[in-house]
Amino acid sequence: GAYSSPGQLSYELTLSRLGREFKDTLYSYAASRTELYPFQYKPLLKFLNSPRKRLLIADEVGLGKTIEAGYILQEERARKHVSRALIVCPSSLRYKWQREMADRFGIHFDILDSKAVRGRIPSNSEQGNVHRDFYGIVSLQTLSREKTLNVVLESDPNLDVLIVDEVHEIGAELSQKSLLEEYDY
């Protein structure tokens with residue numbers, strides 16, 4: 001339609017743009033309690049520009065893969081894309097992940113044992129479960145128990161984010177039928 005003035009057109013264009021998500025703006029920039037190392041933002045920027053929203057972070061030891069994963073998680077939460085996340089890591093790293101996510105990003109994760117995994121991971125088949133927040137950490141060792149893994153896979157987990165740390169430590173029993181294969185990550 002016709003606009004009464006150039007100012008009205010500018011107003012309508014600005015309003016239209018504000019109603020959409022910005023791809024070139026970080027919603028959570030400087031919201032974490034971390035030191036700024038620009039290279040740690042590269043995975044986040046790559047993730048945001050990825051049509052599939054999947055990313056393998058395989059940096060050298062000590063370069064901040066946990067921080068890079070945290071930036072992605074925090075950004076997705078700021079964009080309201082994440083309310084259900086699971087971190088799978090070696091048993092010895094569970095509390096490190098929990099502490100890093102809480103201290104640096106303000107996100108509280110529960111440590112899950114095999115009983116909690118079976119009872120708390122959100123399922124697509126549960127009524128009313130779609131909007132329930134879930135942030136959990138489970139060890140590779142717990143998940144590699146066949147009974148636990150089968151229960152998780154059979155429940156059709158409803159997760160927005162899956163982070164697998166030390167993926168090279170996944171045993172043969174887990175790699176044959178894994179969350180990664182099941183969800184085409």
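Here the structure is shown first, and the text comes after it.
Presented here is an overview of the structure given in this document. Note that this is a predicted model, so its numbers are computed, not measured.

Description of the overall build of the protein
Broken down by element type, the protein carries 9 helices and 4 strands. When its helices and strands are written in sequence order, the protein yields α-α-α-β-α-β-α-β-α-α-β-α-α. Of all 185 residues assigned to the protein, the portion counted as buried reaches 39%. Looking at the protein alone, contacts between residues at least 24 apart form 75% of all its contacts between residues at least 6 apart. When the accessible area of the protein is evaluated, it comes to approximately 11100 Å², of which 51% is carbon and sulfur surface.

Comments concerning the sheet that holds strand β4 (residues 161-164)
Spatial strand order, β2-β3-β1-β4: 4 strands in an open sheet with parallel pairing. The outermost strands of the open sheet, each flanked by one partner alone, are β2 (110-112) and β4. Sheet twist, expressed as the mean angle between neighbouring strand axes with direction ignored, is 20°. Pairing of strand β1 (residues 84-89) with β4, which is carried by 4 bridges, proceeds in the parallel orientation.

Observations regarding helix α3 (residues 65-78)
Here α3 spans 20 Å end to end across 14 residues, near enough to the 20 Å set by a 1.5 Å rise per residue. In terms of burial, α3 is largely enclosed, as 11 of its 14 residues are buried. All of the buried residues in α3 are T66, I67, E68, A69, G70, Y71, I72, L73, Q74, E75 and E76. Of the surrounding elements, those touching the buried residues of α3 are α2 (42-48), β1, α4 (94-105) and β4. Looking one or two residues beyond α3, the residue adopting positive phi is K80, at roughly 65°.

Considering the nonpolar core
Counting residues in hydrophobic clusters, the biggest one holds 22 residues, and the most contacted among them are L73, A85, I87, W97, M101 and F109. Element by element, the count of residues in this core is highest for α3, at 5 residues. If we ignore the near neighbours within four places in the chain, the residues touching I87 are W97, M101, F109, G136, I137, V138 and I163. Grouped together as the second largest cluster of nonpolar side chains are 12 residues, L86, V117, I121 and L140 included.

Regarding the layout of surface pockets
Empty space within the largest pocket amounts to approximately 1200 Å³. Looking at the largest pocket, it is lined by 44 residues, and the ones nearest its centre are I57, K65, A69, I163 and V164. Those elements giving two or more residues to the lining of the largest pocket turn out to be α3, α4 and β4. No other element matches α3, which puts 7 residues into the lining of the largest pocket. A breakdown of the residues in the lining of the largest pocket according to their chemical character gives 23 nonpolar, 7 polar and 14 charged.

Comments concerning the environment of R54
The topology assignment puts R54 in the loop between α2 and α3. On a C-alpha basis, the gap between R54 and V161 in space is 9.2 Å, while along the polypeptide they are 107 residues apart.

Quick look at unusual backbone geometry
Across residues other than glycine, the phi torsion is negative in most instances, and most of the peptide bonds are trans. Residue K80 is not a glycine yet carries a positive backbone phi of 65°. Along the chain, K80 falls in the loop between α3 and β1. On the basis of relative accessible area, K80 is assigned to the exposed category, the value being 73%.

A few points about the side chain of T142
Looking at where T142 falls in the secondary structure, it is placed in helix α6 (residues 140-144). Here the side chain of T142 touches S139 through a polar contact of 2.9 Å, side chain to side chain.

Regarding α4
A rise of 1.5 Å per residue sets the reference length of α4, with its 12 residues, at 16 Å; its end C-alpha atoms lie 16 Å apart and thus fit the reference within 8%. Taken together, the buried positions of α4 are R94, W97, Q98, E100, M101 and F105. End-on view of α4: buried residues confined to an arc of 165°, all on one side of the axis. Elements in contact with the buried residues of α4: α3, β1, β2, β3 (134-139) and β4. Among the residues trailing α4, G106 stands out with phi positive, at a value near 70°.

Criteria and thresholds
Residues numbered from 1 in each chain as written. Predicted model: local features only at pLDDT ≥ 70, side-chain atom pairs only at ≥ 80, totals over all residues. Heavy atoms only, no water. Helix = DSSP H or I, 4+ residues; strand = E, 2+ residues; numbered from the N terminus. Buried < 20%, exposed > 50% of the residue type's maximum accessible area, 1.4 Å probe, protein only. Contact = heavy atoms within 4.5 Å. Areas by Shrake-Rupley, 256 points an atom, 1.4 Å probe, with all protein chains shown as cover. Pairing = 2+ DSSP bridges. Axes fitted to C-alpha atoms, helices over the stretch in contact; angles between N-to-C directions. Expected span 1.5 Å × (residues − 1). Core = buried A, V, L, I, M, F, W, Y, C linked by side-chain atoms within 4.5 Å. 1 Å grid on protein atoms, 1.4 Å probe; cavity = no way out; pocket = protein on both sides within 12 Å on 5 of 7 lines; lining within 4 Å. Points joined across faces, edges and corners; volume = space filled by probe spheres on them. Nonpolar A, V, L, I, M, F, W, Y, C, P; charged D, E, K, R; others polar. Polar contact = N/O pair within 3.5 Å; in protein donor to acceptor, adjacent residues only side chain to side chain. Arc of directions from axis to C-beta.

By themselves, these figures tell us nothing about what the structure is for.
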